[in-house]
Amino acid sequence: MKTRADANRCVQRHGRALRVRLARRAPVVAVAAVLAVALVSCGHGSPPPAHAWPAGTVLALNGTPISADEVDAIGSIIARTEPDYVLVQLRRIALTNVIFQRIAAIQIGGPRYEAARKTATDLAHALQSRQAPDAARTDIVHADLDGNFKSVGLEVWNWAIDAPIGTWSDPIEAEGAFGIVRVESRTPAPVPRSVMLKLSVWYVPYVPTGEATNPVDARLDRSNLEIVDEAWRDVVPESWKRRLRGGTL
């Protein structure tokens, strides 16, 4: 079983042209343009067809499509903590705090992602059947969480705020891991964002947790965002458009 330090790192991660002047080459450029037109007219060098994105795709991160529905699903969770936010605010927060990080983590995880999902499903069934995990296992991490939505993570909080006390959840997908959660106690509050929770969580990571730098952040720094639906161009903050201009993956 992994150490408390490993658990802390896992929780912290969950609870993120070159312009060329051509003035002096105008004749060459003109000739190249004529040749290009000739080639296209002869059936050579035709531009490739546009990417056939799945229906509903609004953005793509490193080729992974992002739909409006998945953004708005996270936005609806955020709205429980920030009921005064308008739709564009909810979408921005969902993208820059959950969606981009989750996709980057899945891309890092590769085949480990599906393996972790299966492990988490099996673990959830065992916990729901009152079978304790083997203490010698190294593929899972346990953590005791205490606090509000900022402390325990948005996805976990969204389940735990309504769940029966003492009941284990099905796998909950977060950044870099699946979590199986049990609510130990819940302190009511006038607004959902202030509800305090005590949770027991088993994480099944698919992104390494022991690295000095956050691999998800490093992946995002080398990522490329494509605007598929122009209506979403203004949804993405300018700072994130600059960050997601691509690099060497």
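Just above sits the structure.
These numbers were taken from a predicted model, which means no experiment stands behind them.

Reading the values: rules and limits
- Residues numbered from 1 in each chain as written.
- Predicted model: local features only at pLDDT ≥ 70, side-chain atom pairs only at ≥ 80, totals over all residues.
- Heavy atoms only, no water.
- Phe/Tyr/Trp six-rings, centres within 6.5 Å; stacked < 30°, edge-to-face > 60°.
- Helix = DSSP H or I, 4+ residues; strand = E, 2+ residues; numbered from the N terminus.
- Buried < 20%, exposed > 50% of the residue type's maximum accessible area, 1.4 Å probe, protein only.
- Salt bridge = Lys/Arg side-chain N within 4 Å of Asp/Glu carboxyl O.
- Core = buried A, V, L, I, M, F, W, Y, C linked by side-chain atoms within 4.5 Å.
- Contact = heavy atoms within 4.5 Å.
- Expected span 1.5 Å × (residues − 1).
- Arc of directions from axis to C-beta.

Visitor: Could you clarify how one ought to interpret the packing of aromatic side chains in this entry?
Guide: Aromatic ring pairs are reported here in terms of the distance separating the ring centres and the angle at which the planes meet. Evaluated as defined, the whole model comprises five aromatic pairs. Both rings, one in Phe100 and one in Trp240, keep their centres 5.5 Å apart while their planes meet at 35°; by these two values the pair is tilted. Here Trp240 lies in helix α9 (residues 238–243) and Phe100 lies in helix α4 (residues 87–109), a separation of 140 residues in the sequence. Exposure class is identical for Phe100 and Trp240. Each is buried. Aromatic pair Tyr113 and Phe178: ring centres 5.5 Å apart, planes at 40°, arrangement tilted. Taken together, the residues span a long stretch of sequence, with Tyr113 in helix α5 (residues 111–128) and Phe178 in strand β5 (residues 177–187) at a distance of 65 residues. For Tyr113, a relative accessible area of 9% puts it in the buried group. Phe178 gets classed as buried once you look at its relative accessible area, which sits at 2%. Each residue in the set Tyr113, Phe178 and Tyr206 is aromatic and connected to the rest through ring pairs, giving one cluster.

Visitor: In this structure, what is going on with the pattern of salt bridges? I would like to understand it.
Guide: A side chain with one charge may pair with a side chain of the opposite charge, provided their charged atoms come close. Inspection of the entire model under this criterion finds 13 salt bridges. The shortest N-O distance in the salt bridge between Arg193 and Glu82 comes to 2.3 Å. Of this pair, Arg193 sits in the loop between β5 and β6 (196–205) while Glu82 sits in the loop between α3 (68–81) and α4; the two residues are 111 residues apart in sequence, bridging distant segments of the chain. Residue Glu82 is classed as partly exposed on the basis of its relative accessible area of 21%. A salt bridge links Arg243 to Asp221; the nearest nitrogen and oxygen atoms lie 2.7 Å apart. A residue pair is termed long-range when its members are at least 10 positions apart, and Arg243 in helix α9 and Asp221 in helix α8 (residues 215–221) qualify at 22 residues. In this structure, a network of salt bridges that share partners links the residues Asp217, Asp221 and Arg243.

Visitor: What am I meant to see in the nonpolar core here?
Guide: Note that soluble globular proteins tend to have their nonpolar side chains buried in a common cluster. Counting 61 residues, the largest nonpolar core has Leu59, Ile66, Leu95, Phe100 and Leu199 as the members making the most contacts within it. Per-element tally for this core: the top contributor is α4, with nine residues. Setting aside chain neighbours within four positions, we find Leu199 in contact with Ala143, Asp144, Leu145, Val152, Val156, Ala160, Val181, Arg182, Val183 and Glu184.

Visitor: Before we go on, may I ask you to explain α5 in this structure?
Guide: In an α-helix, one full turn covers 3.6 residues, which means residues spaced three or four apart are oriented alike. Here α5 is 18 residues long and its end C-alpha atoms lie 26 Å apart, about the 26 Å a rise of 1.5 Å per residue gives. Of the residues making up α5, those classed as buried are Tyr113, Ala116, Ala120, Leu123, Ala124, Ala126 and Leu127. Buried residues along α5 cover an arc of 155° about the axis, so they all sit on one side. Among the exposed residues of α5, those oriented more than 90 degrees off its buried face are Pro111 and Lys118. For α5, the elements touching its buried residues are α4, β4 (172–174), β5 and β6. Downstream of α5 by one or two residues, Arg130 has phi in the positive range, about 65°.

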